[in-house]
Each structure stands twice: as structure tokens, then as C-alpha cells.
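# Structure assessment
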Amino acid sequence: MYEELGLYIDGEFIRGGGRREQDVLNPATDEVLGKLPHASTEDLDRALAAAQRAFETWRKTSPLERSAILRKVGTLTRERAEAIGRNITLDQGKPLAEAIGEVTTCAEHADWHAEECRRIYGRVIPPRLDGVRQLVVREPIGVCAAFTPWNFPFNQAIRKIVAALGAGCTIIVKGPEDAPSAVVALARLFHDAGLPAGCLNVVWGVPHEVSEYLIHSPIVRKISFTGSVPVGKQLAALAGSLMKRCTMELGGHSPVIVCDDADLERSAKMVAALKFRNAGQVCVSPSRIYVGKPAYERFVETFVAAAEKIKVGDGTDPATRMGPLAHARRVTSMGEFVGDASERGATVLTGGARIGERGNFFAPTVLAEVPDDAMVMTSEPFGPVIPVTRFDSLEEALARANRLPYGLASYAFTTSLRNAHLISNGLEAGMVNINHFGMALAETPFGGIKDSGYGSEGGTETFDGYLNTKFITQMA
Ligand code: NAD
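Not measured: the values here are computed from a predicted model. (Residues numbered from 1 in each chain as written. Predicted model: local features only at pLDDT ≥ 70, side-chain atom pairs only at ≥ 80, totals over all residues. Heavy atoms only, no water.)

## A closer look at the environment of Ala262
Just so we agree on the cut-off: Where helices and strands are cited, they refer to DSSP runs of H or I of at least four residues and of E of at least two residues respectively, numbered from the N terminus. Note on contacts: a residue pair is in contact if any heavy atoms of the two residues lie within 4.5 Å.
Tracing the backbone shows Ala262 in the loop between β12 (254-258) and α8 (264-276). Apart from the residues within four sequence positions on either side, Ala262 is in contact with Phe413, Thr414 and Thr415.

Have a look at this one:
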């Protein structure tokens, strides 16, 4: 049974009523899974009014009360992970084990925010005058609007919801229409955990129409978006023109630097596993590999062999290691990346084409001899395509890694302490992983710099984007 899709407004699940509906497709089979109702303007107004009304009481709840609800959400998330994960596989395509893993890991985000929200402290500043008391307090910003994507439909939404609610804000979420089941399941989790009506609202529609409407509303004080750089810039510009706070978690084009002193076998296998996870539709997916010249042949040989071993298929088949792309636009886009690289003289070492006629399958693809100005070297591929290239010196590798406007994740493999030091200092990225993959944990900050956005999700920084700083000075 696929999720019963609907809007969630003011504590009520809503569907039908003559609302416009959109088909939700299974990307492995092209079959229609369900009908997703779009919010009317009246629905959006109701969600705004409910979120504003709920904010007046939610902001005054004790952190203990907020913590208890978030903790309950963590428990329910673990209990329901299998069913929610199955629906993610159906509408998003990732293998079942990855989908269930996404959900269970997210229980930790609920737990972490349940703990951290009890530690939103202010401070006392020593005064210049006797009798004066100077305080800094942190207050919830107000009603937030969040726009979340389809690649990790559960993860991207829950991180924004628990941060907003933990800080004492209320939130309206527009989830991904392509893969909506996870966000509806989230609404059910919070509802069943006892979250008061109006604190969380879920709406659907034409993305730019919903986002423009919500951002223009004077009720909304904060925007949080995860998605592409161009859309992020549009939303940030609109929010900026209305002086609203933003957290922007945008695309990346993650460089991987493999030094010749690295453990090549291990690094090639590790990068292949990372690259093709979720069919490469991950904002922190490794997406361009720079290998020291003496190590190039050995690295490429192991990397291509690992890519060729990946079993591509329907995510519900337990043998599948890589599912279909989430929607047909990504398949078209992969063809364009490969075509452009080939025209510029690149060699396709493996893959390079769509698989079959049914569903959105594309083969794990490795490209060699790709010039730095090829599209796949400059634009985020967001799919199972990756170029591998050589470098002569570490300085050159760093310069090429930093030449793009992106700055989200980065990776390096080396056994030299000196190289590790130069790389971690030299890479322009919000996150640097050396010799392993260790991001996106509840207790660590996740976020980018440059065009990849601003603000952190997770870690002790997680509430910063949802709080105002108020200074109070008082004389007896
Ligand atoms: P897209 O830019 O059309 O959409 C990306 C996401 O943003 C979708 O969930 C979409 O519903 C939403 N969106 C689009 N326009 C919007 C608007 N005006 N207001 C609010 N939400 C809006 O691209 P796509 O084809 O769906 O995905 C491909 C691109 O999206 C990739 O190149 C990648 O950069 C980006 N992406 C990034 C992440 C991430 O985790 N940072 C996740 C998903 C997609």
C-alpha cells in the first residue's frame, strides 16, 4: 500500500475537494502510484494563519515539552522506518536498504534536536555601570517556510522541521512533488507524536507558485531551501528583497583529490560506493576526480571495475545496488553531460547510456580525458556520471578543485600528513573529508560556502538560523 497522499494543514489531513491533482510516478516502472493534491490559495492562507496562531503558543512552550515531542518523533520514526522506506523506494527509486537507512538515520536528527533544544542559552555581559544588568537572549524567529527536495525526501525535510520546532518556530513545508510520500509520512509522525495543530503544515503545488506566495506573505519570517543553485539564488533574492532570513543548502560539484601516496585500492572502491549511492543524486556526491599522475592508471582500473560491478535495477529487488534516476529529466540531463564530454574528446570508460526503455535507468558512467571546460567538469552532474583526470602537483589539483563557484563537500585521499594539512586548509568547501566519508551526522554541521549556499544544518549550529538575538539592558 502506497502512502495516502494529502495536504496537512492546522492538524488536519486533507485531500479531494476538487483540488488540482498531480500523478506521482514510480521511476522504475513509469506506473502511477498515487494522486497528489495541490494546495489552493485558500489552503496556503489557512496554513499561514494556522502557523501564525500556533507560533504564539509554541514559542512559549518549555524546551522540555518541545524535547519530549521530538523524542517521540524519533521513536516513531524507528518503528515505521520499514514502511516509510518502502514508499520512498517506490516514488524516489533508491534501493530499499538505502531508503530504510535514510529513515532510521533520521531518527537521530530528531533525538539530537530533542537534546540540543534544551541548551539554547543566552549570556550575561558584565556592565560598565553599577546597577545595570545586560542580557543576551535568543528568541524563535517565527513562522518558517521550507522547500525540500526529492533526493533524500525524508532526511532533507525532517532536518528543517526539527530545527524549526526545536527553536520554538512553526513551519510550513512544501515537499518534493516528484517523491511526496516521505513528507506525508513525516506529517503523520509529528501528528501522532502530539505536536499541536498548526506547528507543522505540509503543502504541495507548482513549486515557484507556492514558494513565491509563501515568501511574499508577511507572516513568513524565515526561508529554508535545499535544491539547485539557480533556484536557491532566485529564492534568496526574493527573500532578501523582503528582508527575510534564509538557510540555503544548494548544489555542489565535489572534487576528489587522490594523491599518489594514497591507498589506491581502498580509495577507488570507497569513491565508487559513494559516487553511485542514490544514483549520484546527492548534493555531496563525489563528482570530479583528480588523481596524481603516477597513480592514475591503477586508480582508474579499480574504480571502473567497481562501477561495473554495481547491479542496477528496481530498488525493491534486494539485489539492486543502484536504482533508477528519480525522474525523466535527470536521464535527459545525463545524456547531455556524456554527449558534451564526448564531443570534446573524452573517452567513455564504462556506461554512457540509458538502460532499457522502461523507467529512468542510466548506467554508472566513468569518463576519462575530459577537458576542464566540459560541462561535466563545470556543472553539477547530479547523477551517475563522473569524470576522472590527472594532476601533476598538489597546488595544481587544489587550484582546479577551487576554480568552480561551488563550495559544498570535498574529498581527498593521502597517507601524507603534510598533504592532508595542505588540502584541509586549501580546499574552498563547507566540508572536507580526508580518507573517509563522515558528513551529515546529527552532531556535525552540514552546509556549504560560495554558490553552494549558507547556514548549517545539524551540529550545535543547527538552531542559529531559526533564532533572533535580543539584547536587554536593565537598570534597577
Ligand atoms: P530543480 O532546480 O527544478 O528542482 C530542485 C528542487 O527544488 C525540487 O525539489 C523542486 O521541486 C524545487 N524547486 C524548483 N523550483 C522551485 C521554486 N521556484 N521554489 C521552490 N522550490 C523549487 O531541479 P531538478 O531537476 O528537480 O533537480 C536537479 C537539480 O536540483 C540538480 O542539479 C541539483 O543541483 C539540485 N538538487 C539539489 C539538491 C540538494 O540536496 N542540494 C537536492 C535535489 C536537487
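Text resumes after the structure shown.
## Notes on helix α1 (residues 41-58)
Under the convention used in this document: For a helix, the expected span equals 1.5 Å multiplied by the residue count minus one. For every residue, the accessible area (1.4 Å probe, protein chains only) is compared with the maximum for its type, and the residue is labelled buried under 20%, exposed over 50%, or partly exposed between those bounds. As used here, the arc belongs to the directions running from the helix axis to the C-beta atoms.
Between its first and last C-alpha, α1 extends 25 Å over 18 residues, near the 26 Å set by a 1.5 Å rise per residue. All of the buried residues in α1 are Asp43, Leu44, Ala47, Leu48, Ala50, Ala51, Ala54, Phe55 and Trp58. For α1, the angular spread of buried residues about the axis comes to 170°, placing them on one side. Turned more than 90 degrees away from the buried face of α1, the exposed residues are Glu42 and Thr57.

## A few points about the domain arrangement of the protein chain
The condition that has to hold: Where each domain starts and ends follows an automatic or database-derived domain assignment. Simply put, the buried area is the total loss of 1.4 Å probe accessible area from both parts when two parts are fitted together. Note on definitions: salt bridges are taken to be side-chain nitrogens of Lys or Arg within 4 Å of carboxyl oxygens of Asp or Glu. We define a polar contact as two N or O atoms separated by no more than 3.5 Å, with the added condition that, inside protein, one atom must be a possible hydrogen donor and the other a possible acceptor, whereas residues neighbouring each other in sequence contribute only through side-chain atom pairs. Each residue gets one label: Ala, Val, Leu, Ile, Met, Phe, Trp, Tyr, Cys and Pro are nonpolar, Asp, Glu, Lys and Arg are charged, and the others, such as Gly, are polar.
For the protein chain, the domain assignment lists domain 1 (7-250 + 451-475) and domain 2 (254-441). Of note, the centres of domain 1 and domain 2, computed from C-alpha atoms alone, are 31 Å apart. Contact residues are listed per partner, giving 24 residues for domain 1 and 30 residues for domain 2. When the area that domain 1 buries against domain 2 is broken down by residue, the three leading residues are Ala28, Trp150 and Ser452, summing to 22%. Scanning the region where domain 1 abuts domain 2 turns up two salt bridges. One salt bridge connects Arg329 with Asp178, and the closest N-O pair in it is separated by 3.1 Å. Here domain 1 is connected to domain 2 by 13 residue pairs in polar contact (both at pLDDT 80 or more). For the side of domain 1 that touches domain 2, a count of residues per class yields nine nonpolar, seven polar and eight charged.

## Looking at helix α4 (residues 153-167)
Between its first and last C-alpha atoms α4 spans 22 Å; for 15 residues at 1.5 Å apiece the expected length is 21 Å, and the two agree. In terms of burial, α4 is largely enclosed, as 15 of its 15 residues are buried.

## Section: the nonpolar core
Nonpolar side chains in soluble globular proteins generally cluster together in the buried interior. In plain terms, the rule: What is meant by a nonpolar core is a set of buried Ala, Val, Leu, Ile, Met, Phe, Trp, Tyr and Cys residues, joined one to another through side-chain atoms within 4.5 Å.
Residues Phe154, Ile161, Leu165, Ile171, Phe190, Leu200 and Val203 are the most contacted members of the largest nonpolar core, which totals 83 residues. When residues in this core are grouped by element, the largest group, nine residues, is from α4. The contacts of Phe190, once residues within four sequence positions are left out, are Leu70, Val73, Ile158, Ile161, Val162, Leu165, Leu195 and Leu200. Judged by nonpolar contacts, the second largest core, of 66 residues, contains Tyr290, Tyr296, Ala346 and Phe382.

## A few points about the sheet that holds strand β18 (residues 431-434)
Spelled out, the test is: DSSP calls a pair of strands paired once it identifies at least 2 bridges connecting them. Note on method: axes are straight lines fitted to C-alpha atoms, helices fitted across the in-contact stretch only, with angles between N-to-C directions ranging 0 to 180 degrees.
Spatially, the seven strands line up as an open sheet ordered β14-β15-β16-β13-β12-β17-β18, and their pairing is mixed. Of all the strands in the sheet, the pair left with one neighbour each is β14 (347-350) and β18. Neighbour to neighbour, the strand axes of the sheet diverge by 25° on average, direction disregarded. Two strands pair when backbone bridges link them, and β12 and strand β17 (residues 409-413) are joined in this way by three bridges, in the parallel orientation. If you follow Val258 over to β17, its bridge partner there is Phe413. On top of the sheet, helix α12 (residues 394-402) reaches β12, β13 (286-292) and β16 (385-391); it is set at about 145° to β16, its chief contact. Contacts from helix α13 (residues 417-426) reach β12, β17 and β18, with the element oriented near 165° to β18.

## Describing the pairing of strand β7 (residues 143-147)
Within β7, five of the five residues are buried, which leaves it mostly tucked inside the rest of the structure. Alternating positions in β7 separate into two faces, Val143, Ala145 and Phe147 on one and Cys144 and Ala146 on the other, with burial throughout. Pairing geometry for β7 and strand β8 (residues 170-174), over five bridges, is parallel. Residue pairing across strands places Val143 opposite Thr170, the latter belonging to β8. Summarising the sheet, β7 and strand β10 (residues 220-226) pair through five bridges and their orientation is parallel. By the bridge assignment for β10, Cys144 is matched with Lys222.

## A closer look at the pattern of salt bridges
Scanning the entire structure with this criterion turns up 27 salt bridges. Salt-bridge contacts for Lys269 lead to Glu265; the nearest nitrogen and oxygen are separated by 3.0 Å. Here the residue Lys269 and the residue Glu265 both occupy positions in helix α8, the gap between them amounting to four residues, near one helical turn. Overall, the relative accessible area of 44% leaves Lys269 in the partly exposed class. When salt bridges with common partners are traced through the structure, they connect Arg159, Lys160 and Glu457 into a single cluster.

## Some remarks on the site of the ligand
Under the convention used in this document: Summary of the distance rule: residues count as near a molecule or strand when at least one heavy atom falls within 4 Å of that molecule or strand. Throughout, the Shrake-Rupley method with a 1.4 Å probe supplies accessible areas, and for residues the shown protein chains are the sole cover considered.
If you check the shell around the ligand, you find 23 residues, and the closest are Trp150, Ser211, Ser228, Arg329 and Glu380. Measuring from a nitrogen atom of the ligand, one finds a backbone N or O atom of Pro207 at 3.5 Å. Here an oxygen atom of the ligand sits 2.7 Å away from a polar atom, N or O, in the side chain of Ser228. Considered on its own, the ligand offers 790 Å² of accessible surface; in the complex 86% of this is hidden by protein. Listing elements by their share of the shell around the ligand, those giving two or more residues are α6 (207-216), β10, α7 (229-241) and α10 (328-343). For the shell around the ligand, the element with the highest residue contribution is α6, accounting for three residues.

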